[in-house]
Amino acid sequence: MSAVPGTVATGRPRALQPQQKYLPLFATGVLLVLMYGAGVLRYDGFSDTQVVLNVFVDNAFLLVVAVGMTFVILTGGIDLSVGAVVALTTMLSASLLQEQGWSPYLVLPLVLLIGALLGLGMGCIIHYFEIQPFIVTLAGMFLARGLCYTINTSSIPINDPLWTSIAQQRIRFGGFFISVSVLIALAVVAIGIYVLGYTRLGRNTYAIGGNPQSALLMGLPVARTRIAVYTISGFCSALGGVLLSFYMLSGNSLHAVGMELDAIAAVVIGGTLLTGGSGYLIGTVLGVIVLGLIQTIITFQGDLSSWWTKIVIGVLLFAFIVLQRTVARRQP
Amino acid sequence: MAGVLRHRFFWPVATLLILLASNLFFSPDFFAVDVRQGHLYGSLIDIVRFGAPLILVSLGMTLVIATGGIDLSVGSVVAICGALACLQISGLSDQNSVVGVLLAVGLALGLALLLGAWNGLLVAQAGIQPIIATLILMVAGRGLAQLITDGQIITINSSPYKLIGGGYWLTVPFSILVALVVFGFALLLTRRTALGLLIESVGGNAEASRLAGIHAKRIIFTSYVFCGLCAGIAGLMISSNVSSADGNNAGLWIELDAILAVVIGGTSLAGGRFSLGGTVLGALIIQTLTTTIYTIGIPPETTLLFKALVVTVVCLLQSPAFRAKVFRRRRRPPPAQPDRQQQPKVEVPA
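Residues numbered from 1 in each chain as written. Chains lettered and ligands numbered in written order. Predicted model: local features only at pLDDT ≥ 70, side-chain atom pairs only at ≥ 80, totals over all residues. Heavy atoms only, no water.

## Some points on the overall build of chain B
The helix and strand inventory of chain B stands at 15 helices and six strands. For chain B, the C-alpha radius of gyration of 21 Å lies close to 20 Å, the compact-globule estimate for 350 residues. Each principal axis of the C-alpha distribution contributes one length, and for chain B these read about 75 × 55 × 35 Å. Residues counted as buried form 54% of the 350 residues belonging to chain B. (Helix = DSSP H or I, 4+ residues; strand = E, 2+ residues; numbered from the N terminus. Rg over C-alpha atoms; globule rule 2.2 N^0.38 Å. Buried < 20%, exposed > 50% of the residue type's maximum accessible area, 1.4 Å probe, protein only.)

## Thoughts on the overall build of chain A
Each helix and strand counted, chain A has 13 helices and four strands in total. Radius of gyration (C-alpha) of chain A: 20 Å, near the 20 Å computed for a compact globule of 332 residues. Dimensions of chain A along its principal axes, counting C-alpha atoms only, are 60 × 55 × 35 Å. Looking at the 332 residues of chain A, the share that counts as buried comes to 55%. Considering only residue pairs separated by 6 or more positions, chain A has 79% of its internal contacts joining residues 24 or more positions apart. Accessible area of chain A: about 13,500 Å², with a carbon and sulfur share of 66%. If the 15 positive side-chain charges of chain A are averaged to one point and the 10 negative ones to another, these points end up 19 Å apart. (Contact = heavy atoms within 4.5 Å. Areas by Shrake-Rupley, 256 points an atom, 1.4 Å probe, with all protein chains shown as cover. Lys, Arg positive; Asp, Glu negative; His and termini not counted. Charge placed at Lys NZ, Arg CZ, Asp CG, Glu CD.)

## Structural notes on the interface of chain A and chain B
Taken together, the contact pairs 38 residues of chain A with 51 residues of chain B. At the boundary of chain A with chain B, the tally comes to zero salt bridges. Here the element with the most residues in the side of chain A that touches chain B is helix α5 (residues 133-151) of chain A; it accounts for 12 residues. A breakdown of the residues in the side of chain A that touches chain B according to their chemical character gives 26 nonpolar, seven polar and five charged. (Salt bridge = Lys/Arg side-chain N within 4 Å of Asp/Glu carboxyl O. Nonpolar A, V, L, I, M, F, W, Y, C, P; charged D, E, K, R; others polar.)

## A word on unusual backbone geometry
Residue and element names in this part refer to chain A. Even without being glycine, E130 reaches a positive phi, approximately 50 degrees. Counting through the fold element by element, E130 comes out in the loop between α4 (104-128) and α5. The class of E130 is exposed, set by a relative accessible area of 60%. The residue L249 is not glycine, and still its phi comes out positive at about 50 degrees. On the secondary structure map, L249 appears in the loop between α10 (222-248) and β4 (250-251).

## Things to note about helix α5 (residues 98-125) of chain B
Counted at 1.5 Å a residue, the expected span for α5 of chain B with its 28 residues is 40 Å, and the 39 Å between its end C-alpha atoms agrees. Of the residues one or two after α5 of chain B, G127 of chain B is the one with positive phi, at around 70 degrees. (Expected span 1.5 Å × (residues − 1).)

## Describing the pairing of strand β3 (residues 176-179) of chain A
Residues and elements named next belong to chain A. Both strand β2 (residues 170-173) and β3 contribute to a ladder of four bridges, which runs antiparallel. Paired with F173 across the strands is F176, a residue of β3. Once β2 ends, the chain turns through two residues before running back antiparallel as β3, passing G174 with a positive phi of about 50 degrees. (Pairing = 2+ DSSP bridges.)

## Quick notes on the environment of L317 of chain B
Residue and element names in this part refer to chain B. With respect to the helices and strands, the residue L317 is situated in helix α14 (residues 303-318). Of the residues examined, L317 reaches a relative accessible area of 36% and is grouped as partly exposed. Put simply, L317 and L111 are 206 residues apart on the chain and 38 Å apart in space, counted from C-alpha to C-alpha.

## Regarding the packing of α4 of chain A against α10 of chain A
Residue and element names in this part refer to chain A. Between α4 and α10, the least distance of the axes is 7 Å, while the angle of their chain directions is 145 degrees. In the crossing of α4 with α10, the sense of the turn from one axis to the other is right-handed. Along the contact surface, α4 presents L108, V111, L112, G115, A116, G119, L120, G123, C124, I126, H127 and Y128, while α10 presents V222, A223, R226, I227, Y230, T231, G234, F235, A238, L239 and V242. A per-class count over the contact of α4 with α10 returns 16 nonpolar, six polar and one charged. (Axes fitted to C-alpha atoms, helices over the stretch in contact; angles between N-to-C directions. Left-handed = near helix turned anticlockwise from the far one by under 90°.)

## Details of the UniProt feature "transmembrane region" (unreviewed entry) in chain A
Residue and element names in this part refer to chain A. Residues annotated in UniProt with the feature "transmembrane region" (unreviewed entry) correspond here to residues 22-41, 61-94, 106-128, 134-152, 173-196, 227-249, 261-294 and 306-323. With 100% helix and 0% strand, residues 106-128 has its two end C-alpha atoms placed 32 Å apart. Regarding residues 306-323, the helix share stands at 94% and the strand share at 0%, and the terminal C-alpha atoms are separated by 26 Å. (UniProt positions renumbered as here; feature names shortened; annotations may be inferred.)

## Topic: the packing of helix α7 (residues 180-198) of chain A against helix α12 (residues 281-301) of chain A
All names here are of chain A. Two elements in contact, α7 and α12, have axes separated by 9 Å at closest approach and are oriented at 150 degrees. For the element pair α7 / α12, the angle class is roughly antiparallel. Contacts between α7 and α12 involve V189, G192, I193 and L196 from the former and L281, I282 and V285 from the latter. Grouping the constituent residues of the contact of α7 with α12 by class yields six nonpolar, one polar and no charged. (Parallel < 35°, antiparallel > 145°, perpendicular 65-115°, else oblique.)

Below, the structure written as structure tokens:
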């Protein structure tokens, strides 16, 4: 492709740098405020705080998956297998709990481990055999979906006591409520922000995304970091799958079809550069809220069909990618 | 013998033959082809007939990948074009009117060209990474297709339209002829003119080609337009075969199958080298794999597992790093690099 100029983070330090670095994040914030403001002005009951909380309740699983995706995209890679891994996790949990009668305390760590192992395997193939992440995770996606279908082609309901109690638990405060999933998702976001901002792994992630050659020459552990981000993404997908199974209380091989695209869209709308090396997890959170608000507005509007969600997401994706290009292009 | 073994089509053809032959155990008359009512019938014909849309999409994808890009939106283009054509035809007072059907087909293909041009503009002019640029249409396109069909499945009853995907012409399924014509056209343009060379040059290094005086942007743009057109024709075929348009499921995941076909055919995902014949072989292998799974009686759901296995193995074999690590001692000629076999190889001390 035509030569892509260096990413924002790798450019020469300039006085304007901070503003430019935060520009996509800022744009997302403005968009969010505009959308929310328009919603409040237009629809009765939109200003209810519970509406915002419901965005989190309904998208907790997407948030967790998007956190993993942010790590991968920051290194300049991509993970197309997340949706399939989410589906595989719901399917495995449902099958083990319902059909095999396993204890939930055994199933929970097991499915998380399987997700992480899948990510680890893909990361190893990507790094050691130098195959494009896109194609490896595509194979991973085929594999995970195929495994779903071999477990069962129909939906399996979950009525395990632990699962249902977590699913129905409402954390109430001042007349509002959130679900346990939201707490888990927020915890994942907090850990993610800590890891990316304050640990060596986080710095290495940014460094590899900025310029893998330089990172290697600087003696950073490129192999370990790159494999780690795919493992993190696999783990986050599995955790997202667990949260989705709390939300749906069923395992289905058709769960989360196309979720990888929602996750990528959330990350991009959140201002993370797709070329890697620049972006913030908080932007991803904003991106997920934007996607959630689109759905909420379409629900409130009532006469718009759900396919408008896809079109609006596509338009937003376009707008933010063009924004990224203009920001990146201003770099020398 | 060594020459045959080293031919770039040896492994794809061998895979295809093994797959085909394995069907003999499960249905002995697998290779039987007979003529009924002036139409060719048989499992082999079915493979090509149902594989025709995939062949078309893969041909377009080959050229895009050869320029170093990728087009994820083909599945959505398939859905959109099928939807538009069916919507047009369902609005006709006489659905069997040839002029009306031709108009609908023309409209749908026009839209396909536009969608391809949109991708081409984003990639060539705006300079956005291809995977991301086409992701936009992939996400929004499904929504557009549903917008066109209003979320319903449009069923039509038009015999001229039925011809495109399910009809016969001169005893041969019409879809096979269309795929052949497009294949011949692409082959002629890329191998009998300099276009193929230019595409490979752009895929190898767009910037260097531009400096050498090649209109790199124009070539990239054209390849996306061609890819869009191929996807559009495939969309017509798929919707015509089932006489209906389904915005949600038409062409779902066909982009992945197409990329797989291209990779199996020996085209490198890095760009700069392509083989249209290899792609057709690749598409046939995938279709045969699907058909074989049906004949053997394995649950069709496991098709995805097999595809995952095939993608992994093919990509590993194509990866220089993998070959260097696994086949270090044997120095096997790389199957995906046919053009370079003549040159003396640089040996890496093991």
